Amino acid sequence: MRKLAFAGLAAITAAALTTAGMASAADPPAASLVQVSNFGANPGALAMYTYTPSGLESGRPVVVALHGCTQSASDYYTHSGWPALADKWRFEVVFPQQSTANNSLKCFNWFSTADDTRGNGEAASVKSMVDKAIGDHGSDRSRVFITGLSAGGGMTADLLAAYPDVFAGGGIDAGLPAQCATSVTEATNCQQNNQNLTPAQWASKAKAQFPGYGGPWPRVAIWQGTGDYTVYPVNGTELRDQWTAVHGVSQTPTSTQSLPGSTTLTNYGDKVQLYSIAGMGHGTAVDPGTGATQCGSTGAYFLAGICSSYYTGVFWGLDKGSGTTPTTTTTAPPTTTTTQPPGTCVNASNYAHTQAGRAHQSGGQTYANGSNQAMGLWNTFTSHALRETSPGYWVLADGQC
């Protein structure tokens, strides 16, 4: 059995992690979460759990939800809000589970080519789970989606790249770009540092996972807390760069929206969304309650603010019933929607922006505070316009000031 340890994450989070709310591999699954013992080829030695709404009709979507390090399928079932949305919108949920035999922290091995590439290891096991769910419930193959937190988010990005013919959309919560790392050492570097790759270079990493693929690419929702010091906020920017470039759309936003929980949503056409949550640390965002946009419950790495599962599901079109994925972005209820966001707008050099607290620099490159949009070299000769769309959240606004 493989015994890869995610030493990078362990070193970063050892002081902050607690055992409160965490389940061990021996914990029984929560009620209504069912283990599927025989689901086909399982080269990654994963466990499969599912949640099926009562009387689920054929032709419904499938959502795959990947837990984070130290978590279990039961944790994600209990706290993420996906089961309640499955009841409401009628879809199957598959909860893959990692083991300590594969990874000492129960992280999905998103940094190992033996596990995160098409036809191999854990990636192939997840594909088998999708096939099993579709076969058991007559699900709609054109509406299969995947989401995950942290290492599960990194694996989500890898699976979107490896199986764009399987997944119509993805939701990456505090995750990493597809194929950012191929070793534990590289994984730690990816978590903490800007990789200084262009959008085209990021796109190449994704597209190389399925050479010659000419079909549609998955639509991607990216969730990132600005106070995350486990998977640093730059990863949200890099994911944005990767998936906009994969889709061939600009890294310039088409609109922004202010949402609950100090969340700013930046849209890139109808293909990519970046949700930045001011001050949030490492975890999946939830919003306990009975409101139309609320779901989930708090726990270890499930942080109160906004229900990410709800907004991701709306982006995928799960709330629309049967039919195709919508061609326009719909998120309710926005408080601001505009192609030219309101608020303070400042034209200045990258150096001046940084000195004034509108941007920051890393490795000689400049990034807008909040959105982490790349602005180029940190000097007095490179200038951009920045607009403040919410307190401390700045976005590129070249040509709009």
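- Labelled according to an unreviewed UniProt entry, the protein appears under the name PHB depolymerase family esterase, originating from Amycolatopsis iheyensis.

**Regarding helix 6 (residues 184–192)**
Owing to its 3.6 residues per turn, the α-helix brings residues three or four apart onto one side.
No. 1: Burial in helix 6 covers these residues: A187, T188, C190 and Q191. On an axial view of helix 6, the arc spanned by its buried residues comes to 160°, and they lie on one face.

**Some points on the pairing of strand 10 (residues 272–277)**
No. 1: Of all six residues in strand 10, six are buried; the element is thus mostly enclosed.
No. 2: The alternating pattern of strand 10 places V272, L274 and S276 and Q273, Y275 and I277 on opposite faces, both of which are buried.
No. 3: Of the pairings in the sheet, the one linking strand 7 (residues 219–225) to strand 10 comprises six bridges and is parallel in character. Each bridged residue has a counterpart across the sheet, and for W223 the counterpart in strand 10 is Y275.
No. 4: The pairing of strand 9 (residues 263–268) with strand 10 spans six bridges and is antiparallel. Paired with N267 across the strands is Q273, a residue of strand 10.
No. 5: As consecutive antiparallel partners, strand 9 and strand 10 are separated by three residues, and within that stretch G269 has a phi angle of approximately 60°, a positive value.

**Regarding helix 8 (residues 234–247)**
No. 1: In this model, helix 8 (14 residues) spans 20 Å end to end at C-alpha, consistent with the 20 Å of a helix rising 1.5 Å per residue.
No. 2: With 14 of its 14 residues buried, helix 8 lies for the most part within the structure.

**Description of the pairing of strand 4 (residues 92–97)**
No. 1: Burial of strand 4 is extensive: six of the six residues sit out of reach of the surface.
No. 2: Burial of the side chains of strand 4 extends over both faces: E92, V94 and P96 are buried on one face and V93, F95 and Q97 on the other.
No. 3: Relative to strand 4, strand 2 (residues 47–51) runs antiparallel, the two being bridged by five bridges. Each residue of the ladder has a partner; that of Y51, found in strand 4, is V93.

**Here we look at the nonpolar core**
No. 1: If you look at the biggest cluster of nonpolar residues, it comprises 55 residues, and the most contacted ones within it are W110, L159, F167 and W243.
No. 2: Counting 40 residues, the second largest nonpolar core, distinct from the first, contains A47, W82, L259 and V314.

**With respect to the state of the cysteines**
No. 1: This model, assessed by the stated rule, comprises three disulfides.
No. 2: Two residues, C69 and C107, share a disulfide whose sulfurs are 2.1 Å apart. Here C69 and C107 share a disulfide; its torsion about the S-S bond, 125°, makes the bridge right-handed. Here the residue C69 occupies a position in the loop between strand 3 (62–66) and helix 2 (73–79), and C107 occupies one in the loop between strand 4 and helix 4 (121–137), the gap between them amounting to 38 residues. Considered together, C69 and C107 belong to a single accessibility category, that of buried residues.
No. 3: With its sulfur 2.1 Å from that of its partner, C180 forms a disulfide with C190.

**Side note on the sheet that holds strand 8 (residues 255–259)**
No. 1: Strand order in this open sheet of ten strands is 1-2-4-3-5-6-7-10-9-8, and the pairing throughout is mixed. Only two strands of the sheet have a single neighbouring strand rather than two, namely strand 1 (34–36) and strand 8. In this sheet, neighbouring strand axes are inclined to one another by 20° on average, regardless of whether the strands run parallel or antiparallel.
No. 2: Here helix 8 sits on the sheet and contacts strand 6 (169–173), strand 7, strand 9 and strand 10; the angle it forms with strand 7, its principal contact strand, is near 170°.

**Some details on the sheet that holds strand 16 (residues 374–377)**
No. 1: Pairing is antiparallel across the open sheet formed by three strands, whose spatial order is 14-15-16. Every other strand in the sheet has two partners, leaving strand 14 (359–362) and strand 16 as the edge strands with one partner each. Within this sheet the neighbouring strands show an average axis-to-axis angle of 30°, counted without direction.
No. 2: With three bridges joining them, strand 15 (residues 365–368) and strand 16 adopt antiparallel strand pairing. Pairing of T366 across the sheet is with G376, part of strand 16.

**With respect to the side chain of T312**
No. 1: Relative to the elements of secondary structure, T312 occurs in helix 9 (residues 308–316).
No. 2: Look at T312 and you get buried, because its relative accessible area is 2%.
No. 3: Side chain to side chain, T312 and W223 meet in a polar contact 2.9 Å long.
No. 4: Those residues in contact with T312, other than ones at most four positions away along the chain, are G171, A221 and W223.

The rules behind each value
Counting restarts for each chain: residues are numbered from 1 in the order of the written sequence. Since the coordinates come from a predicted model, pLDDT governs what is reported: local features require at least 70, and pairs of side-chain atoms require 80 or more to be given and counted, while whole-chain, interface and lining totals use all residues. The side-chain numbers reported here are obtained from all heavy atoms of the structure, hydrogens and water having been left aside. A 1.4 Å probe rolled over the protein chains alone gives each residue an accessible area, and that area as a share of the maximum for its type sets the label: buried under 20%, exposed over 50%, partly exposed in between. Here a helix means four or more residues in a row that DSSP labels H or I, a strand means two or more in a row labelled E, and each is numbered from the N terminus. In this description, one arc is meant: the one made by directions from the helix axis to the C-beta atoms. Two strands are said to pair when DSSP picks up at least two bridges between them. The length a helix should cover is 1.5 Å for every residue beyond the first. Buried residues of nine kinds, namely Ala, Val, Leu, Ile, Met, Phe, Trp, Tyr and Cys, make up a nonpolar core once their side-chain atoms join them within 4.5 Å. Our working definition of a disulfide is a cysteine sulfur pair at a distance within 2.5 Å. Interaxial angle, 0 to 180 degrees, is taken between N-to-C directions of lines fitted to C-alpha atoms, where a helix line uses only the stretch in contact. A contact between two residues is defined here by any heavy atoms of the two lying within 4.5 Å. Each polar contact in these results corresponds to two N or O atoms within 3.5 Å; when the atoms are within protein, one needs to be able to donate a hydrogen and the other to accept it, and residues that are neighboring in sequence are counted only if both atoms are side-chain atoms.

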